[in-house]
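Listed below are the residues making up each chain.
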Amino acid sequence: MERKDLFAEVESMEENIGRLYEQLGQLKRQLKTLLEDHYKLSLENHNLRERLQERGEKGDLKEGKTNPIGEGVDNLGRLYYEGFHICNQYYGSMRQEGDCLFCLSFLNKRLGGKE
Ligand SMILES: [Zn+2]
């Protein structure tokens, strides 16, 4: 192979890698959106269950009581430790820079009982 062909081949590889890198970036953004949607739905689901449970307890007090707040904190804590925001500020988006003070204070509030 001549040297200039070799050079052309390396250049074409470089272009391909550039395109792949771009595709990877796009996939990553799509995956991030999907994960965020998934967790927003999980949170939504969690909130709806909590409301249903509150209504159920008001409506029928003689049923055996579970602990909806403790359970809720477990779920939210799990979402948080899986790397998602549970705070109102960044609700459902991925945590990318370590702990979030809003989330932690939200969790603490919940652990303390009433909001
Ligand atoms: Zn947060």
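Our subject is the structure listed above.
Now for a description of the structure that goes with this document.

### Considerations on the coordination of the zinc ion
When a metal carries six donors in an octahedron, the ideal angles between them are 90 or 180 degrees, while four donors in a tetrahedron ideally lie at 109.5 degrees.
Okay, step 1: Protein ligation of the zinc ion involves His85 (ND1), Cys87 (SG), Cys100 (SG) and Cys103 (SG), the donor distances falling in the range 2.1 to 2.4 Å.
Okay, step 2: Motif for the zinc ion, donor spacing along one chain: H-x1-C-x12-C-x2-C. Of this pair, His85 sits in the loop between helix 2 (68-81) and helix 3 (101-111) while Cys103 sits in helix 3, and the two are 18 residues apart along the sequence. Taken individually, His85 and Cys103 each receive the classification buried, so the pair is uniform in this respect.

### What about the packing of aromatic side chains?
Okay, step 1: This model, assessed by the stated rule, comprises 3 aromatic pairs.
Okay, step 2: Judged by centre distance (5.2 Å) and plane angle (85 degrees), the rings of Tyr80 and Tyr81 are edge-to-face.
Okay, step 3: By relative accessible area, Tyr80 is classed as buried at 0%.
Okay, step 4: Residue placement shows Arg95 over the ring face of Tyr80; its charged tip is 3.8 Å from the ring centre.

### Some details on the side chain of Ser93
Okay, step 1: Mapped onto the elements of the fold, Ser93 is located in the loop between helix 2 and helix 3.
Okay, step 2: Every residue in contact with Ser93, bar those within four places of it in the chain, is listed here: Glu36, Gly83, Phe84 and His85.

### Overview of helix 3
Okay, step 1: Taken as a whole, helix 3 has its buried residues at Cys103, Phe106, Leu107 and Arg110. All buried residues of helix 3 lie within an arc of 95 degrees about the axis, which places them on one face of the element. Exposed and oriented more than 90 degrees from the buried face of helix 3 are Leu101 and Asn108.

### Digging into the nonpolar core
Okay, step 1: Within the largest apolar cluster, 12 residues are counted, these being Tyr39, Leu43, Leu76, Leu79, Tyr80, Phe84, Ile86, Cys87, Cys100, Cys103, Phe106 and Leu107.
Okay, step 2: Going through the elements one at a time, helix 1 (3-59), helix 2 and helix 3 are the ones with two or more residues in this core.
Okay, step 3: The contact partners of Cys100, leaving out residues within four places of it in the chain, are Tyr80, His85, Cys87, Tyr90 and Arg95.

Definitions and limits used
- Residues numbered from 1 in each chain as written.
- Predicted model: local features only at pLDDT ≥ 70, side-chain atom pairs only at ≥ 80, totals over all residues.
- Heavy atoms only, no water.
- Donors = N, O, S within 2.8 Å, 3.2 Å for Na, K, Ca; no water.
- Helix = DSSP H or I, 4+ residues; strand = E, 2+ residues; numbered from the N terminus.
- Buried < 20%, exposed > 50% of the residue type's maximum accessible area, 1.4 Å probe, protein only.
- Phe/Tyr/Trp six-rings, centres within 6.5 Å; stacked < 30°, edge-to-face > 60°.
- Lys NZ or Arg CZ within 6 Å of the ring centre and 35° of its normal.
- Contact = heavy atoms within 4.5 Å.
- Arc of directions from axis to C-beta.
- Core = buried A, V, L, I, M, F, W, Y, C linked by side-chain atoms within 4.5 Å.

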